[in-house]
Amino acid sequence: MSVTDFLATSTEGLRLIIQAGIQLRQTWPVMQGAVGLWLWTKPAELRSGSVTVWEHHGDVWRFVRWPVHAEIVRSWRERTSPSSDHWRADRFDAADVWARAEALIEQPHPGAT
């Protein structure tokens, strides 16, 4: 399981981050090991991110190194403050995943002032 949290520097930046997330979501069905994906946003805080579920721990790292994803990360490095968390679970329970993710999302972004 993985939670990403992006802190934008402007509303336009937030819009573009959300757009990039939606574009990545379109490739989700072909990602090896991808099980589930939720996108989330907190517009008033200029935050957006995802909650992802993977079959195996290595699948998320394969996605992180995927050239399309890596290029997005490189292009946004100076324009956003990313944060992420991941964990393993013995079994998938959507309510448990979302509860843990929501607890993380409700915390202030580590890069917020």
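Heads up: these notes are all about the structure in this document. In every chain, residue numbers begin from 1 and rise along the written sequence. It should be noted that, the model being predicted, local features are given only for residues of pLDDT at least 70 and side-chain atom pairs only at 80 or more, the latter also being counted only at that level, while totals for whole chains, interfaces and linings use all residues. Each side-chain value is worked out from all heavy atoms of the structure, with water and hydrogens disregarded.

1. Let's talk about the pattern of salt bridges
The salt bridge criterion pairs a side-chain nitrogen of Lys or Arg with a carboxyl oxygen of Asp or Glu, the two atoms within 4 Å. One pass over the full model with this rule turns up 8 salt bridges. A salt bridge links E12 to R15, with the shortest nitrogen-to-oxygen separation between them at 2.6 Å. Here R15 and E12 lie together in helix α1 (residues 11–27), a separation of 3 residues that amounts to about one turn. Burial status follows relative accessibility: with a 1.4 Å probe on protein chains alone, a residue under 20% of its type maximum counts as buried, one over 50% as exposed, and anything between as partly exposed. With a relative accessible area of 39%, E12 lands in the partly exposed category. Counting from the N terminus, the helices are the DSSP runs of H or I reaching at least four residues and the strands are the DSSP runs of E reaching at least two.

2. Quick notes on the sheet that holds strand β1 (residues 2–8)
One open sheet holds the 4 strands; their spatial order is β2-β3-β1-β4, and the pairing between them is antiparallel. Two strands bound the open sheet, and with one partner strand each, they are β2 (34–42) and β4 (80–86). Here the strands of the sheet are splayed against their neighbours by 15° on average, with no regard to which way each runs. Note on pairing: two strands pair once DSSP finds at least 2 bridges between them. Note that β1 and strand β3 (residues 47–54) share 6 bridges and pair antiparallel. Counterpart to F6 in the pairing with β3 is S48. Here α1 sits on the sheet and contacts β1, β2, β3 and β4; the angle it forms with β2, its principal contact strand, is near 165°. Strands β1, β3 and β4 of the sheet are contacted by helix α2 (residues 57–65), whose axis makes an angle of about 135° with β3. Note on definitions: angles span 0 to 180 degrees between N-to-C directions of axes, and those axes are lines fitted to C-alpha atoms, for helices only across the stretch in contact. Pairs of residues are marked as contacts when any of their non-hydrogen atoms sit within 4.5 Å.

3. Notes on helix α3 (residues 67–76)
Residues spaced three or four apart along an α-helix point in a common direction, a consequence of the helix completing one turn every 3.6 residues. Of all the residues in α3, the buried ones are H69, A70 and W76. When α3 is viewed along its axis, its buried side chains cluster within an angular range of 135° and face the same direction. Buried residues in α3 make contact with α1, α2 and β4. This arc corresponds to the set of directions leading from the helix axis out to the C-beta atoms.

4. Some thoughts on helix α4 (residues 94–106)
Between its terminal C-alpha atoms α4 stretches 18 Å, which fits the 18 Å expected from 13 residues at 1.5 Å a residue. Listed in full, the buried residues belonging to α4 are V97, A101 and I105. Buried positions in α4, seen along its axis, are confined to an arc of 65° and lie on one side of it. Looking at the buried positions of α4, the neighbouring elements they touch are β1, β2 and β3. Its side-chain oxygen at 3.0 Å from the backbone nitrogen of A95, D93 defines the N-terminal cap of α4. To estimate the expected span of a helix, count its residues, drop one, and scale the result by 1.5 Å. Pairing of N or O atoms within 3.5 Å defines a polar contact, subject to two protein rules: one partner must be a possible hydrogen donor and the other a possible acceptor, and residues neighboring in sequence count only if both atoms are side-chain atoms.

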